[in-house]
Amino acid sequence: MFITVCGRSIAYNSDHEQLFITIKTKNMQTETALKELVKEKYGEIADQSRENNAASCCGAGGCSTEVYNIMADDYTRLQGYNPDADLGLGCGLPTEFAKIKKGDTVIDLGSGAGNDCFVARAITGESGKVIGIDFTERMIEKARSNAEKLGFNNVEFRFGDIEQMPVSANVADVVVSNCVLNLVPNKFNVLKEVYRVLKPGGHFSISDIVLEGELPAKLREAAEMYAGCVSGAIQKQVYLELIHATGFKNVTVQKEKSILLPDDILRNYFSAEEIQSFRNSNAGIYSVTVYAEKPLTEEAAACCAPGCCS
């Protein structure tokens with residue numbers, strides 16, 4: 001029997017069993033270490049100012065004095081915006097594109113201080129429900145405090161890992177997320193969970209960081225940049241293929257923008273010559289907002305065929 005490891009086809013027999021157990025264990029240890037890094041960093045970020053976060057890479061160290069608002073989009077014009085919940089950590093406006101309706105149940109992955117949840121709640125109204133999920137205790141505390149100040153009884157924040165959401169299957173009409181999947185080592189697991197919690201016919205709108213071309217190794221390996229979204233990102237085409245592979249349909253890129261990392265941040269990682277080489281390369285960092293739908297069940301699809309719906 002042949003299996004593929006790190007791109008190589010290898011003949012497998014019982015002698016290899018311990019090798020693959022070791023590889024699997026090592027990968028799990030790496031994923032756990034990265035998650036702990038992100039949790040630690042975002043616990044610190046929860047108490048930073050919005051201005052400090054927005055001038056860095058998703059709240060990571062090394063703020064830029066050259067360029068303000070490196071990744072985050074402007075939420076201030078959206079109904080439901082609350083400045084206490086805006087930490088400047090996003091890279092898009094998924095709630096603006098998410099086709100949320102009054103009465104919908106919405107889940108926000110990596111909800112932080114509650115920014116997207118409160119914008120979503122302004123659309124769902126009192127008849128809807130919004131659930132924010134985050135695995136950083138300090139963020140959950142901050143979000144719950146914000147919800148209490150606003151008097152929202154239909155906005156709930158749950159502590160949990162988005163690879164194992166504390167939510168039953170088939171409950172959400174819409175899932176949103178803003179600059180979070182790029183922080184998760186196993187993105188496929190998250191997408192499978194999104195598929196599970198969505199109702200048949202439900203959809204998601206997720207803003208994330210993706211790459212075109214290969215980033216320099218120094219940038220990908222830097223711990224601060226990992227917590228800052230960049231080195232945890234994957235190739236755009238691979239990202240879209242994962243969404244298709246999960247079973248989602250009507251996958252659409254709703255918005256795309258190029259992300260410029262200013263020189264004063266890059267100097268933390270590169271020499272002047274390396275910065276110039278990076279600028280001259282074909283590698284690029286992009287924010288994309290992607291929409292996709294969970295297919296209807298066969299019964300529901302048949303009910304809603306042309307000419308048979310009431």
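Peer 1: Can you tell me about the pattern of salt bridges, naming the residues and giving the values?
Peer 2: For side chains of opposite charge, pairing can occur when their charged atoms come near one another. A complete count under the given rule lists nine salt bridges for this structure. Measuring nitrogen to oxygen at the nearest pair gives 2.8 Å for the salt bridge that ties Glu156 to Arg158. Two residues, Asp263 and Arg279, come together in a salt bridge whose shortest N-O distance is 2.8 Å. Of this pair, Asp263 sits in helix H10 (residues 263-266) while Arg279 sits in helix H11 (residues 272-280), placing them 16 residues apart in sequence. Owing to a relative accessible area of 28%, Asp263 belongs among the partly exposed residues under this scheme. For Arg279, a relative accessible area of 32% gives the class partly exposed. Connected through salt bridges with shared partners, the residues Lys129, Glu156 and Arg158 form a single ionic network.

Peer 1: Just give me the short version of helix H6 (residues 187-197), but keep the residues and values in it.
Peer 2: Note that an α-helix has 3.6 residues per turn; residues three or four places apart therefore point the same way. Residues of H6 that are buried include every one of Lys187, Val190, Leu191, Glu193, Val194 and Val197, and no others. An end-on view of H6 places all buried positions within 160° of arc, on one side of the element. Elements that come into contact with the buried residues of H6 comprise strand E3 (105-109), strand E6 (172-178), strand E7 (198-212), strand E8 (234-235) and helix H9 (236-246).

Peer 1: Lay out unusual backbone geometry in plain terms, naming residues and giving numbers.
Peer 2: The residue Lys99 is not glycine, and still its phi comes out positive at about 55°. With respect to the helices and strands, the residue Lys99 is situated in the loop between helix H3 (94-97) and E3.

Rules and cut-offs
- Residues numbered from 1 in each chain as written.
- Predicted model: local features only at pLDDT ≥ 70, side-chain atom pairs only at ≥ 80, totals over all residues.
- Heavy atoms only, no water.
- Salt bridge = Lys/Arg side-chain N within 4 Å of Asp/Glu carboxyl O.
- Helix = DSSP H or I, 4+ residues; strand = E, 2+ residues; numbered from the N terminus.
- Buried < 20%, exposed > 50% of the residue type's maximum accessible area, 1.4 Å probe, protein only.
- Arc of directions from axis to C-beta.
- Contact = heavy atoms within 4.5 Å.

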